[in-house]
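# Remarks on the overall topology
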Amino acid sequence: MSRRRNRRRFGWLEGLMLLAGAAFVSPCLLALLNAFKTNPEIIGDPLALPGRWSWDNFRFIFTGMKLARPMLNSLLMCAGVIACLVTVAPMAAYSIMRRKMATGKLLRVFFLVGLTVPFQIIMVPLLKLFRVMNIQFTYLALLLHYVSWGLPLCIFIYSAFMATIPRELEEAAAIDGCGQVGTFWRIVFPLLTPCTITVIIFWGLWIWNDFMQAFIVMGPTRGQLVFVQLWKFLNDQYVRNWNHIFAGVVVLSVPVTVLYVVMQRRFVKGLTAGAVK
Amino acid sequence: MSGAATRRGRGWAASLILCGPAVLLYGTFVVLPAVLGFAYSLTDWTGWTTEPNFVGLDNFRELAGDERFASAVRFTLFETWMIVLFFTFGSLVLAVLLDRLRSAKGLIRGLFFYPYILSILVVALLFKYLCNYNHGAVNLLLRSMGLGHWAQDWMMDPRLVGYFIFAMVAWSAVGFFTTLYLANLQTIPAELYEAASLDGAGPVSVFTRIQLPLLVPTVTTNLVLATIFGINLFGQIVVTTEGGPGYRTATVGYYIYWLGVKNNRQGYASAVSFTVFAALVAVAIVQVALLRRRQVQL
């Protein structure tokens, strides 16, 4: 394994793996290509170039499917949930990590248990709870669910990161008469920025892409988030209009793809952060 | 003394501000529904209209003789088996290959990770298109190559639909499991490789003697994660086959959803979900315990 001799050479292995990678993502490329074609063209020959590159399918996404508003709703939902998570979770993690043995440990276990609970277990009791609270099928209910559901993982990520921060800074602040809450916001929170970025990427992507939980918590008719709307529209159709499906898939995947290309490293790191327990 | 008391009081107030919101939210919207769910598993609650009646362990007794549940368990185990094998060993091979790249690393790894950032609905729509009987790209390609008799109804044929689900899941998440291996591979010190090359070791013995033993911690992680992934398979079914044809592709997750949301049998659905959850926890504990012993310390 002569790593040093052929450093940075583009050899047969690189060529082969690049080809394999391209083949691997070819379904996405096919979707992109076919989003510019008409339905008969797609059915006729999915690999051919379109007779005329047309934006009609994309126009339909916004005029026929009216996806602009749901896109905005999804963005706002992402922003709201993330804002809640990056304030509530690090505060709790800080309090847990800086606590004397017994209660801290108890709280840690209390939150860690949440990482193992599957959604199916809480699904219907949760809906019942929202009905009792009179907020069934509302954005507020979905927001509350997303935040609560995200808390255990966020607290876990923040606590792991907090263990690496030295305590001396906080002690200095305490001597200067800063309370625990003040110390947290002024001293600790700024140090947690890398962690906060991870949380933003993870949950931003997760909520934008989520279909299942939004569909169940907000119901098929009221749910105005992007993927629920796309699903509803496609399910209402009798005919398979592949051109519209492809255009929808492309439009909803472009934002995350652009961000992924720009910040690939951060994305990969953020999305695998929860796994290394 | 009163000073100490106020300091303690202030400590409590601070804890309440810091920890209160998290405990309140998580306690109300995750823990409470989970506990309620467990309580409902002992009742005949429909989920919507009538109030629950206590029925003891009747739900669990019904479960033992439920043919649909047995079918769901069989299908889930079939999928989990393939998923675990592929995500533990398939992505291990891919990671070792990707680790040997000397240029275009970011690009090539990025390509394999890419499907993981897509919504399951996007992945499902892509695969529904590829595998559609009349218009799907797979069948069209087969026909255009003169292999029309190989064209299949991948999504409707009961013998093939299991592989269709597996292919979809494998494609979308292989990059995730590969990345975990890659992170582990990067922690292997270069001296080990140098020593191996001085001894004239080929890539195969480097893999079996150096990389594989040092990758055991991640093998454990991936094995457990892939098992959880397989047993909780649910959303992917809702957006593709909806359990069909018949109830051939109903996983236990889908069966719980079907019982609770579509069939108004929440009491029974809770009993099913807790049984599955208990089994999952037991399997995960056994896996971790077995593999911990095989870890090599660096």
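No experiment lies behind these values; they were computed from the predicted model shown.

Each partner contributes to the interface: chain B provides 72 residues, whereas chain A provides 74 residues. Per-element accounting of the side of chain B that touches chain A gives the leading share, 18 residues, to helix α1 (residues 2-40) of chain B. Partitioned by chemical class, the residues of the side of chain B that touches chain A number 52 nonpolar, 17 polar and 3 charged.

So, about the environment of Tyr 268 of chain B. Residue and element names in this part refer to chain B. With respect to the helices and strands, Tyr 268 occurs in helix α13 (residues 266-292). C-beta crowding within 10 Å serves as the criterion here: with 28 such atoms nearby, Tyr 268 is assigned to the buried category. Distance in space between the C-alpha atoms of Tyr 268 and Glu 62 is 8.6 Å, their sequence separation being 206 residues. With residues near it in sequence (within four places) discarded, Tyr 268 still touches Asn 59, Glu 62 and Leu 259.

The next point concerns the domain arrangement of chain A. Once the domains are mapped, chain A shows domain 1 (12-61) and domain 2 (67-236). For domain 1 of chain A and domain 2 of chain A, the distance between their C-alpha centres works out to 37 Å.

Attention now moves to helix α10 (residues 216-231) of chain B. All names here are of chain B. Taking 1.5 Å as the rise per residue, α10 with 16 residues should run 22 Å; its terminal C-alpha atoms sit 22 Å apart, in good agreement. Those residues of α10 that fall on the buried side of the exposure criterion are Thr 218, Thr 221, Asn 222, Leu 223, Val 224, Leu 225, Ala 226, Thr 227, Gly 230 and Ile 231. Those residues of α10 that are buried are in contact with α3 (67-99), α7 (161-185) and α13.

All names here are of chain A. At a closest axis distance of 9 Å, the pairing of helix α5 (residues 68-97) and helix α11 (residues 193-209) adopts a crossing angle of 145°. The way α5 lies across α11 gives a crossing that is right-handed. Where α5 abuts α11, its residues Ser 74, Met 77, Cys 78, Val 81, Ile 82, Leu 85 and Val 86 lie against Thr 196, Val 199, Ile 200, Trp 203, Gly 204, Ile 207 and Trp 208. Looking at side-chain class alone, the contact of α5 with α11 contains 11 nonpolar, 3 polar and no charged residues.

The rules behind each value
- Position numbers for residues count from 1 along each chain, tracking the sequence in the order it is written.
- To label them, take the chains in the order written and letter them from A, then take the ligands in the order written and number them from 1.
- In view of the model being predicted, local features appear only for residues whose pLDDT reaches at least 70, and side-chain atom pairs are presented and counted only at 80 or more, with totals across whole chains, interfaces and linings using the full set of residues.
- Throughout, a residue-residue contact means that the two C-beta atoms, derived from backbone geometry, are no farther apart than 7 Å.
- Secondary structure counts use DSSP, requiring at least four H or I residues in a row for a helix and at least two E residues in a row for a strand, with both numbered from the N terminus.
- Polar here means any residue other than Ala, Val, Leu, Ile, Met, Phe, Trp, Tyr, Cys and Pro, which are nonpolar, and Asp, Glu, Lys and Arg, which are charged; Gly is therefore polar.
- Residues with at least 20 neighbouring C-beta atoms inside 10 Å of their own are called buried, those with 12 or fewer are called exposed, and the rest are partly exposed, where every C-beta is derived from the backbone.
- The domain limits used here are those given by an automatic or database domain assignment.
- An expected span of 1.5 Å times one less than the residue number is assigned to each helix.
- To get an axis, a line is fitted to the C-alpha atoms, and for a helix only the part in contact is used. The angle between two axes follows their N-to-C directions and goes from 0 to 180 degrees.
- In a left-handed crossing the near helix is turned counterclockwise from the far helix by less than a right angle, and in a right-handed crossing that turn is clockwise.

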